[in-house]
Amino acid sequence: MALSKKRKVDKECRIFQEKWTTSYLFTETHGKPLCLVCLQQVSACKEYNIRRHYETRHSANYDNLQGQLRKDKVKELLAGLKKQQSTFTRSREVSEAAVKASYLIASEIASASKPYSDGDFVKRCMMKAAELVCPEKRQAFANISLTRNIIAERISELSADLDTQLKQRVMSFIALSVAIDESTDITDVAQLAIFIRGVDETLTVTEEFVELVPMMDTTTAEDIFGSVVAALDRVGVDWSRAVSMATDGAPSMIGKKAGVVTKFREKVQALNGGDRFLTFHCILHQEALCCKSLKMDHVMEVVVRTVNFIRARGLNHRQFDTLLSDSNITHSLPYHTEVRWLSRGAVLRYFFDLREEIRQFTEKKGKPLSELQSQEWLQDLAFLVDITEHLNSLNKMLQGRKKVVTQFFDKIQAFKLKLTLWETQLASGDPAHFPCLRDVRVTRPDADVKRYKDKIAGLLWEFEKRFQVFGELETEFSVFRSPFTVKASDLPVDIQLEIIDLQCDADLKGKFASVGLDTFYQYLLPGYPKLTAMAAKILCMFGTTYLCEQIFSVMNINKTKMRSRLTHKHLNDILKVTATQDMTPDVDALVQAKRCQISGTKTSPE
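Residues numbered from 1 in each chain as written. Predicted model: local features only at pLDDT ≥ 70, side-chain atom pairs only at ≥ 80, totals over all residues. Heavy atoms only, no water.

## A closer look at the overall build of the protein chain
A count of helices and strands for the protein chain gives 28 helices and seven strands. Its C-alpha radius of gyration of 35 Å places the protein chain more than 25% over the 25 Å reference for a compact globule of 606 residues. Across the 606 residues of the protein chain, 45% fall into the buried class. Look at the contacts in the protein chain between residues 6 or more apart in sequence, and 70% of them connect residues 24 or more apart. (Helix = DSSP H or I, 4+ residues; strand = E, 2+ residues; numbered from the N terminus. Rg over C-alpha atoms; globule rule 2.2 N^0.38 Å. Buried < 20%, exposed > 50% of the residue type's maximum accessible area, 1.4 Å probe, protein only. Contact = heavy atoms within 4.5 Å.)

What follows is the structure, encoded as structure tokens:
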């Protein structure tokens, strides 16, 4: 004999009837009958159960109410229930708003590189403002938790949420590249910065910070490679889809036999069937190295020595500033820092502009600069000022986030053409694009500027040598930048037919003129698989380690002598929140998991 099935009341489709509200003082809340008098729920939406509850508990008190009196009582009970429910809802909303505010303020504290203990300072400021502006809301502000521990916890949770989002995005990448660089923090710990740039099936580019890995022991190629692999495996990278890697060009990074890029290439090619894997020595680093080919140390040595003489001694610095102030000059001489790319240009420019004041000051101090009396040395100084400013201008154009590698290629190509032009002009004695050299030449028209032609030629040769990797990619870059002007016959066979189809599509040609390169190829999906695959690889390439250098600057602002005990995890959390570009923490989801926590009145300093 078969067993009878157990009845499930919630599947019997019983519907609450409005007449029960007047007859039995019941209403429906969240699908369940609720007594308006005692606020108890009845499990089954059935008239027998509801009538029994009313007759056994409330009929003696409410049966005497009939007609309009009963209707008024029902309205009164319904209004009381609604007021009670709204009170609970409003209380929950206020609590959630306080928690959300603590997340948003914690995010701002991290982004501003402020210590966790600044949360208490922000809280005191809010309370002072609330007392004056809206004293009735004072308790709402008091409910916002901003203690040091709460701020640290909020930033860690924001970081964890961003990390979860990154893992989800990495799973969708069809092509990706990595940028790595290493620097040392205030406690002499080597920190390895890792960024990833990936492209998904819709050709949307994601460029995000992965992790700052502390290297507590040695920093050999094997150590760095192991740290990179662990960090990328943690976020779920598909190694077979890796396209390129950008490094700072250190020997441990680019060694041909056992460098990080060599090990990385071997691992990737073992998984992708031996496809090409590219490595980029940071373009910004290489551009800075090209500057050294000018070999004008006889100028820089005098400039640096003079600047140090003026700046390193407090009395000299004050007296020199007074001299400038008497001449209505507002700027002074900055220090020269070798590791800062733009420092050389700033120092040289100010030195050149203030050469007369410097001459007067050094003579007054009994240490005259004989070089300032030499026209030949002044010409060398003027030339170095001009060419350094040209190089600094290029450097600034190469900086920035979310840039496509072809943009770097275009800037480098344009600068090489400029060098060719300058070489020709200087060979004929025309310093048209060297304003400082032109000004110095006014005082001595017979000055020979042709000798600088060799300097320009050497700089051009250095650029050609250091940016050979772009020559290998010139065909692909040409197709990517100008798909409507390239000749199909000059291209690889596998994309020739797609190029012809594309060049004959008038709609896409109009779209190419109206949108940027980083979004145009999204309109080619899914009809041009070969072209979009090529575009995905180019879009995901890093050309520089600019992002790594930027994160090191943020690291140095956060981890100072005053905050040297900041843990590696907390530092990483701060940098994750600060460096995010394409993702936003899901604060609303985080708030749902929290309850309002009242700030304490006493906190220990960070």
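## Focus on the UniProt feature "domain: HAT C-terminal dimerisation" (unreviewed entry) in the protein chain
Feature annotation in UniProt assigns "domain: HAT C-terminal dimerisation" (unreviewed entry) to the following positions: residues 528–575. Helix makes up 67% of residues 528–575 and strand 0%. Its end C-alpha atoms lie 39 Å apart. (UniProt positions renumbered as here; feature names shortened; annotations may be inferred.)

## Here's the deal with the sheet that holds strand S3 (residues 175–184)
Pairing is mixed in the open sheet, where five strands are placed in the order S5-S4-S3-S6-S7. Each edge of the open sheet is held by one strand with a lone partner, namely strand S5 (205–215) and strand S7 (278–281). Neighbouring strand axes in the sheet, compared pairwise and without regard to direction, differ in orientation by 20° on average. Pairing geometry for strand S4 (residues 190–199) and S5, over ten bridges, is antiparallel. Across the sheet, residue Ala 193 finds its bridge partner in S5, namely Leu 212. (Pairing = 2+ DSSP bridges. Axes fitted to C-alpha atoms, helices over the stretch in contact; angles between N-to-C directions.)

## Some words on the UniProt feature "domain: SPIN-DOC-like zinc-finger" (unreviewed entry) in the protein chain
Following the UniProt record, the feature "domain: SPIN-DOC-like zinc-finger" (unreviewed entry) maps to residues 17–71 here. Across residues 17–71, the secondary structure splits into 45% helix and 15% strand, with the terminal C-alpha atoms separated by 16 Å.

## Let's talk about the domain arrangement of the protein chain
Per the domain assignment, the segments of the protein chain are domain 1 (18–85), domain 2 (155–282 + 547–588), domain 3 (289–399 + 438–469) and domain 4 (483–540). For domain 2 versus domain 3, the distance between C-alpha centres works out to 37 Å. (Domains from an automatic or database assignment.)

## Examining the packing of aromatic side chains
The final tally for this structure, using the stated rule, is 23 aromatic pairs. Arranged with centres 4.4 Å apart and planes meeting at 10°, the rings of Phe 383 and Tyr 452 form a pair that is stacked. One end of the pair, Phe 383, is in helix H16 (residues 375–398); the other, Tyr 452, is in the loop between helix H18 (435–443) and helix H19 (453–466), and 69 residues separate them in sequence. Side by side, Phe 383 and Tyr 452 carry an identical accessibility label, which is buried. With 6.2 Å between their ring centres and 5° between their planes, Phe 467 and Phe 470 make a pair best called stacked. Classification of Phe 467 by relative accessible area gives buried; the value is 4%. Connected via pairs of aromatic rings, a cluster forms that spans Phe 280, Phe 383, Phe 409, Phe 415, Trp 422, Phe 434, Tyr 452, Phe 463, Phe 467, Phe 470 and Phe 477. (Phe/Tyr/Trp six-rings, centres within 6.5 Å; stacked < 30°, edge-to-face > 60°.)

## A word on the side chain of Glu 207
Mapped onto the secondary structure, Glu 207 falls in strand S5. The exposure class assigned to Glu 207 is buried, which follows from its relative accessible area of 3%. Here the side chain of Glu 207 touches Lys 402 through a polar contact of 3.2 Å, landing on its backbone nitrogen. Those residues in contact with Glu 207 that lie beyond four places of it in its chain are Ile 196, Arg 197, Arg 401, Lys 402, Phe 542, Leu 547, Gln 581 and Asp 582. (Polar contact = N/O pair within 3.5 Å; in protein donor to acceptor, adjacent residues only side chain to side chain.)

## Brief notes about the nonpolar core
Phe 264 and Phe 470 are the most contacted members of the largest nonpolar core, which has 162 residues in total. Examining the composition of this core, we find that eleven residues originate from one element, H16, more than from any other. In this view, Phe 264 contacts Val 178, Phe 225, Val 228, Leu 232, Trp 239, Ala 242, Met 245 and Phe 277; residues no more than four positions away in its chain are not counted. (Core = buried A, V, L, I, M, F, W, Y, C linked by side-chain atoms within 4.5 Å.)

## Considerations on the pattern of salt bridges
Opposite charge on two side chains lets them pair, provided their charged atoms get close. Scanning the entire structure with this criterion turns up 26 salt bridges. Between Glu 207 and Arg 197 there is a salt bridge whose closest N-O contact spans 2.5 Å. Separated by ten residues along the polypeptide, Glu 207 in strand S5 and Arg 197 in strand S4 bring together distant segments of the chain. One salt bridge in this structure joins Arg 349 and Glu 389, with 3.4 Å as the shortest N-O distance. Of this pair, Arg 349 sits in helix H14 (residues 343–353) while Glu 389 sits in helix H16, and the two are 40 residues apart along the sequence. (Salt bridge = Lys/Arg side-chain N within 4 Å of Asp/Glu carboxyl O.)

## Quick notes on the packing of helix H7 (residues 148–170) against helix H27 (residues 568–579)
Relative orientation of the contacting elements H7 and H27 amounts to 65°, with a least axis distance of 8 Å. Every pair of crossing elements has a handedness; the one defined by H7 and H27 is left-handed. Counted together, Ala 152, Ile 155, Ser 156, Leu 158, Ser 159, Leu 162, Asp 163 and Leu 166 of H7 and Lys 569, His 570, Asp 573, Ile 574, Lys 576 and Val 577 of H27 form the full contact between these two elements. Looking at the contact of H7 with H27 residue by residue, the classes come out as seven nonpolar, three polar and four charged. (Left-handed = near helix turned anticlockwise from the far one by under 90°. Nonpolar A, V, L, I, M, F, W, Y, C, P; charged D, E, K, R; others polar.)

## Focus on H16
Here H16 is 24 residues long and its end C-alpha atoms lie 35 Å apart, about the 34 Å a rise of 1.5 Å per residue gives. Among the 24 residues that make up H16, 17 are buried, leaving the element largely enclosed by the rest of the structure. (Expected span 1.5 Å × (residues − 1).)

## Focus on the environment of Ala 60
Within the secondary structure, Ala 60 sits in helix H3 (residues 59–62). Between the C-alpha atoms of Ala 60 and Arg 138, which are 78 residues apart in sequence, the distance is 47 Å.

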